[in-house]
Each structure stands twice: as structure tokens, then as C-alpha cells.
Amino acid sequence: MDSKLRAILPDQELLKLYQQMVLSREFEESCAEQYTKGHITGFLHLYSGQEAVAVGATAGLHKDDYILSAYREHAQAIVRGADPKRVMAELFGKATGICKGKGGSMHLFDPGLSFMGGYAIVGGQFPIAVGLAFAAKYRKEDRISACFFGDGAVNQGTFHEGLNWARLWNLPVLFVCENNFYGIGTEVHRSSALADIHKRACGYDIPAVRIDGMDVMAVYEAVKWGVDWVRENSRPYLIEAMTYRFRGHSMADPGKYRSAAEVELWKARDPIVGFAKRLADERIATGEQLEVIREKAAAIVQEAVKFAEESPWPEDDEVYKDIYV
Amino acid sequence: MPEMTYRDAINLALKEEMRRDPSIVVLGEDVALYEGSFKVTRGLLAEFGEERVKDTPISENTIIGVSVGAAMGGLRPVAELMTVNFALLAMDQIVNHMAKIRSMFGGQTYLPITVRAPGGGGSQLAAQHSQSLETYFMHCPGIYVAMPATPADAKGLLKSCIRDNNPVMFLEHELLYNSKGEVPEDPEFLVPLGKAAVMREGKDLTIVAYSRMSVLALQAAAELEKDGISCEVVDLRTLNPLDTETFIASARRTGRAVVVEECWRTAGLGSDIAFRIHEACFDTLLAPVRRVSGLDVPMPYSRKLEKLCIPQVETITAAVKEVLSEKY
């Protein structure tokens, strides 16, 4: 049987996508457990259900391309290459955290990976992503700026200012909307006069496409195409990935605004389960091999929790550090 | 030393720094082709070209946000907000982003951004264009605030701000643009951040001020000298870092102080300065510190009313005389 997947990527890369989605899920579900135990505090927004977007998109981007995201960004950081141990330690507020415990869940950052931050003011990342693209173009660097945001962010002024600016200055920005249908508890049709978010890009003369955000290969192919187009033309492009979060907005949200039937409908489209089936159907991996990948991912997460638990708290004198240069 | 205006001193600082460092870009509304609403960026487009001198859409929040991104990406942006009043549209990027990014990302990046913004009252521009918002910025950790009073300081401070690796709000006073003074020609002339200037020495009382209020304080001191009153005038120059040492040492020496602020009185920065003096000099003060402030009202247009809202030379001299008449 001809493999459709193999026509796109070699086996090893396909399995890497699977591994990254599984690692993301294991990480998030472990976070929920650590939150319940009181080890993780503050706000905690989990990515379970949306893995295909971060994983497919990161695979489609070049290594040096900037990534900016919002506050549901653990998976994006880890998939980009952030050490799960240091991410978990950050969530625990420990000195060994990726931001020394000063950012927490919503503010992961690693410039070495060109992962330029999780931002927790809705829409705050748009102008910053545009500015990074400007710097890259000014310095004649071969990199673009990928800006991830939710459906809730498109009614902020920064979305409109950012799109207008990126097109006006012809900057290499890939806008990726993760449309999971809800801004906290408000369904997208209750907040947006035009809920087809990709169509809004027309107003700024930016081409855009809507894709299935539950299909990692669809995301990969669309982003790869978009990245090439943005590079070639030095112009912005927008992708709207339709996806769904399986959990509430944050750990504090019981999710009563969604019907059980709706949630079940989307869980039946679980991006990990769907991809596992395709990998097995196309004989790229057996069920047992995929289970081994899952177990290894679970072990990485367990190790991350142990590392976070055993890590020291920040010293008191850290409180005045890292504010000014 | 050549004499030049505050406007030209700022313009020269921009040109000198842009010649020195190709990573500096200037961006803002009407800064390029139109050469700035107050003509501060005159000649920049002609000399440095449209790659480095950028007109922007009227999107203040994004002017700052793009500067933040550009700074993270290796540039040294100098953004102009046409007036400080429009900074209120950009407070999300200024306070939630520019001021926080270094700290919340664990010191892994830094933002060498200078945000220039003219402001202050006295031009009959009414409520929305006459504000003195310096306390807003001074209140927020993570951003420096510079407010020069003289052409020389305008040049030397702006150059320091541009070279500094922290984000700085560089607040210019619209009524000072045409003021003249001697300005050092040396392109390496810098005024350090966090160092107040004793503009005039005196023994009876210390006047602490900044920006245009320092200019009025000097005029008040000259008036008071005629009455045999000797005032020391301390110009803060930067509100953050704040050189507490200089004004506290001065107040300890004179035993009396008046703080002059153009901003609104309630929760204005003058209360913080006055408190610091009280706290440090309680045992040696001869009278409570007095504040001369902007009135707690939205600025009226009529020049007769506007004048009442902004500290004047006469209100400063009156305050000084009252403090000198008090005995404790």
C-alpha cells in the first residue's frame, strides 16, 4: 500500500511528530495533577486537544524562525526544544525554571531556541512579533516571525494594528490563529461579528487559509507552505487552524458553557488518536511501538516533575535582579 | 560652546547617535517625511534614509510593541510618541510589556528602547493635549524616566538613554523646545542617568524640580535673591533612577525644601519626593516640606484658567516665602 504520510515526511520525522504530541499531552495532564496537589499554583492553561497545531506548525517552521505565543504555551515551548524539566520547574516556581521561576506558566521564554515568549495580555504578542520580523528584515537575517494567538485575540486592537503594520511594511510574519471556539467561556460567534477569522485578513490585503487544526499533517503542510511563501515574498500570511481544547480555559474553569455532546464530538477527533491510527494503518509503526513512545514520554514527564520537586526555591536576593540591565 | 535650542540639541543627539550606531532606527507618526510634529526629527530622513527613519500608522500601542520586538531582535529603536498624551493608548505595551519583559523572562533579554514623548501644559491645547504624566511612568518598575530641563541636558541625557540597555521614557517639554542654552559639541558628551544637577547653590532653602519646573524654579530663585533669600535649585533630570542622595543632602544642608511638580497634586511624584526628604531629614528640617503642584483638574482651554493650573514663578516664590516664615 502506498503511504500518503511517507510521501510527505520520512518515518522518523512522522514518529517525531507523534512523540511530540504525546509528550505535550503527558506534560499537560501531569501539570493538572501537580496543580491539584498544590505544587503548581497561579493560573494554569492546558493545551490538551490542540497538540496538532503546535507540533505541526513547529515542524513547518525553520529552526531560527521566531515563535511567539499566548499563555497556553507549554507545548509550544517544549516542542521547540525547551527542556521539560526546566519548564516544569518554572511552573513550580523554582530557581531552576526556564525563567528562574519569575515568569511561571504563562511566560516561558528561551531566546536560544528563538522562542520569544508567552504573553498573557490577550493580543500583546502581535506588535512584538511584527517588531521581531522588522528587526530580522532590517538585519537581513533569514528568519520569519510566527505569531500564535487564539480566537479571542482577534477583537483586540493589536490584531488589527499588527496585521495592518505587517502588510504595510511587508514584513515576514506568519500569523497562526488557534481557533478553539472559545475566549474563556464566550463562544466565537458571541464575540466576533465575522467568526470566520481567516476572512478578516482580507481587510489588510493578507492572504489567509482555514485548516483542520486537529490533523497534524494538515497543519504541517499548511505551515510549511506558508513559511515558504512568507520567506519568498517577505509578506505576512495568516493561517486559521480549527481546533478544540479538551479542558476548561484554565484549571479554575469547569467548562459549563459547553455541552457534553460537543466536547465528546471533539474528543472523538483527538489529534493523537487520529494520527496513531494513520501511522498504524499505513504500517509506519505498530500499536506496541507507539505505546513505547508514550511510555517514554511519560517517563520524561515524571523525571521533569521529580526535577521540579527537588529543585531549590529562588534565593530572596533574586527579587531585585533581572529588572534593569 | 555653541548655543542652541532644546529642539536642536535633541535633533543633534539623534543624528550623532545614528551616525555612530547603525542598529538605531527612529520610528513614529510623521517623524520622517513630515520631520516630526514639533520638527525634532528634521533632516533625519534626508541623512539616514527610509530604512532607518520610519513613518508609522497612528497605532501608538503598536509603535511601542514593534519597538519592543525590534529591540529583542537586536535593534536599538528610538520611538517617538507625538505627544505624551498618546502614551495612554500605548500603556499596555509600555507597562505590561516593555517594563516587564526582562524580569518576567528571567533576565534572558533586554530592551534598549528610547521612547521620546513631548508633553506638559501651557500652550492652550486643552484637556487632552496638556497632560503631565510623568508620575505614571515613574510609578512603574522596569522603565527609566528622563526629563531634561536644559538644551545641554537634553542632548547629553538623550544620548545616554539611547546607549542604555534599559527602556527609557524620555519626556520632553513642549514649552522648552525653543529655549536656548550652551551645548557641548563633543559627540561623547553624555549626561548620566540617575544624577541630579544642582543648578544653583543656596543656603536658605532647597527647591527640587524637573523639566520646565526647574527652569521656573531658577527664575523664582533669581527673584527671591532680590529679597535676600538664597535658594538652592536641584534639577532631578531623571525620575528613575532617582538621585535621592543629591536632594536629601541639599535639604539637610538648608533645612527647608519646596518640591515643584507640573503633574496633578493628588498622588503626584512631589509627594514621594517630599516624603523622602521628611523621612531622611526629619531631625534637621526647620519646616515641613511644601509642594507646588498642578491643580487637580482637567486642563481648561482658556489661557486665564490654564495659568491657574500650572505652577508659575509667583506660586513658587510664594511657597518659598511661606516655608521660610514657618518655625517649628
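Residues numbered from 1 in each chain as written. Chains lettered and ligands numbered in written order. Predicted model: local features only at pLDDT ≥ 70, side-chain atom pairs only at ≥ 80, totals over all residues. Heavy atoms only, no water.

As for the overall build of chain B
Consideration 1: From N to C terminus, chain B includes twelve helices and 14 strands.
Consideration 2: Its C-alpha radius of gyration of 20 Å places chain B within 12% of the 20 Å reference for a compact globule of 328 residues.
Consideration 3: Each principal axis of the C-alpha atoms in chain B carries an extent, and together these give about 60 × 40 × 40 Å.
Consideration 4: Burial analysis of chain B (328 residues in total) assigns 64% to the buried set.
Consideration 5: A total of about 12200 Å² of accessible surface is found on chain B, and carbon and sulfur atoms cover 53% of it.
Consideration 6: Of the side chains in chain B, 34 bear a positive and 43 a negative charge, and the two mean positions are spaced by 3 Å. (Helix = DSSP H or I, 4+ residues; strand = E, 2+ residues; numbered from the N terminus. Rg over C-alpha atoms; globule rule 2.2 N^0.38 Å. Buried < 20%, exposed > 50% of the residue type's maximum accessible area, 1.4 Å probe, protein only. Areas by Shrake-Rupley, 256 points an atom, 1.4 Å probe, with all protein chains shown as cover. Lys, Arg positive; Asp, Glu negative; His and termini not counted. Charge placed at Lys NZ, Arg CZ, Asp CG, Glu CD.)

Comments concerning unusual backbone geometry
Consideration 1: Note that the residue after Asn240(B), namely Pro241(B), is joined by a cis bond; omega there is 0 degrees.
Consideration 2: Assignment of secondary structure puts Pro241(B) in the loop between strand S12 (238-240) and helix H9 (244-254).
Consideration 3: Its identity is not glycine, yet Ser234(A) carries a phi of approximately 45 degrees, on the positive side.
Consideration 4: Mapped onto the elements, Ser234(A) comes out in the loop between helix H8 (216-233) and strand S8 (237-242).
Consideration 5: Of note, Arg283(A) is a non-glycine position whose phi angle comes to about 55 degrees, a positive value.

Examining the sheet that holds strand S10 (residues 205-209) of chain B
Residue and element names in this part refer to chain B.
Consideration 1: Strand order in the open sheet formed by five strands is S9-S11-S10-S13-S14, and the pairing between neighbours is mixed. Each of the sheet's edge strands pairs with one partner strand only, and the pair in question is strand S9 (197-200) and strand S14 (290-294). Neighbour to neighbour, the strand axes of the sheet diverge by 25 degrees on average, direction disregarded.
Consideration 2: With four bridges joining them, strand S13 (residues 257-264) and S14 adopt parallel strand pairing. Following the sheet pairing, Val260 is matched in S14 by Val292.
Consideration 3: Sitting on the sheet, helix H10 (residues 269-281) is in contact with S10, S13 and S14, with an inclination near 160 degrees to S13. (Pairing = 2+ DSSP bridges. Axes fitted to C-alpha atoms, helices over the stretch in contact; angles between N-to-C directions. Contact = heavy atoms within 4.5 Å.)

Some remarks on the pattern of salt bridges
Side chains that differ in sign of charge can pair as their charged atoms come close.
Residues and elements named next belong to chain A.
Consideration 1: For the structure shown, the criterion picks out 48 salt bridges over all chains.
Consideration 2: Linking Arg25 and Glu51 is a salt bridge whose minimum nitrogen-to-oxygen distance equals 2.5 Å. A residue pair is termed long-range when its members are at least 10 positions apart, and Arg25 in helix H1 (residues 11-36) and Glu51 in helix H2 (residues 51-60) qualify at 26 residues.
Consideration 3: What makes Arg25 buried here is its relative accessible area of 15%. (Salt bridge = Lys/Arg side-chain N within 4 Å of Asp/Glu carboxyl O.)

Let's talk about the interface of chain A and chain B
Consideration 1: At the junction of the two partners, chain A supplies 38 residues and chain B supplies 44 residues.
Consideration 2: Summed over both sides, the interface between chain A and chain B buries roughly 3300 Å², with carbon and sulfur atoms accounting for 66% of that surface.
Consideration 3: Area buried by chain A at its contact with chain B is led by Tyr138(A), Trp165(A) and Tyr324(A), which between them contribute 22% of it.
Consideration 4: The interface formed by chain A and chain B contains zero salt bridges.
Consideration 5: At the junction of chain A with chain B, the criterion picks out 15 residue pairs in polar contact (both at pLDDT 80 or more).
Consideration 6: Looking at the side of chain A that touches chain B residue by residue, the classes come out as 22 nonpolar, nine polar and seven charged. (Buried area = accessible area lost by both parts, 1.4 Å probe. Polar contact = N/O pair within 3.5 Å; in protein donor to acceptor, adjacent residues only side chain to side chain. Nonpolar A, V, L, I, M, F, W, Y, C, P; charged D, E, K, R; others polar.)

Some remarks on the sheet that holds strand S2 (residues 115-118) of chain A
By way of backbone hydrogen bonds, the strands of a sheet pair with one another, either parallel or antiparallel.
Residues and elements named next belong to chain A.
Consideration 1: Read across the open sheet, the six strands follow the order S2-S1-S3-S4-S8-S7; overall the sheet is parallel. Lying at the two open borders of the sheet, with one neighbouring strand each, are S2 and strand S7 (208-212). Each neighbouring strand pair of the sheet contributes to a mean axis angle of 15 degrees, computed without reference to strand direction.
Consideration 2: Where strand S1 (residues 66-69) and strand S3 (residues 145-150) come together, three bridges link them in parallel fashion. Note on S3: the bridge partner recorded for Leu68 is Cys147.

Overview of helix H4 (residues 84-92) of chain A
Residues and elements named next belong to chain A.
Consideration 1: Taken across its nine residues, H4 has seven buried, putting it largely inside the fold.
Consideration 2: Among the residues of H4, Pro84, Val87, Met88, Ala89, Glu90, Leu91 and Phe92 are the ones counted as buried.
Consideration 3: Where H4 starts, the residue carrying a side-chain oxygen 2.9 Å from the main-chain nitrogen of Lys85 turns out to be Asp83.

Points about the domain arrangement of chain B
Residues and elements named next belong to chain B.
Consideration 1: What the domain assignment reports for chain B is domain 1 (3-182) and domain 2 (197-325).
Consideration 2: Relative to domain 2, the C-alpha centre of domain 1 lies at a distance of 26 Å.
Consideration 3: Counting from both sides, the interface comprises 30 residues of domain 1 and, opposite them, 26 residues of domain 2.
Consideration 4: Between domain 1 and domain 2, the buried area comes to about 2300 Å², and carbon and sulfur atoms account for 60% of it. (Domains from an automatic or database assignment.)

Some thoughts on the environment of Gly42(A)
Consideration 1: Assignment of secondary structure puts Gly42(A) in the loop between H1 and H2.
Consideration 2: Residues Gly42(A) and Glu291(A), spaced 249 residues apart in sequence, show a C-alpha to C-alpha distance of 33 Å.

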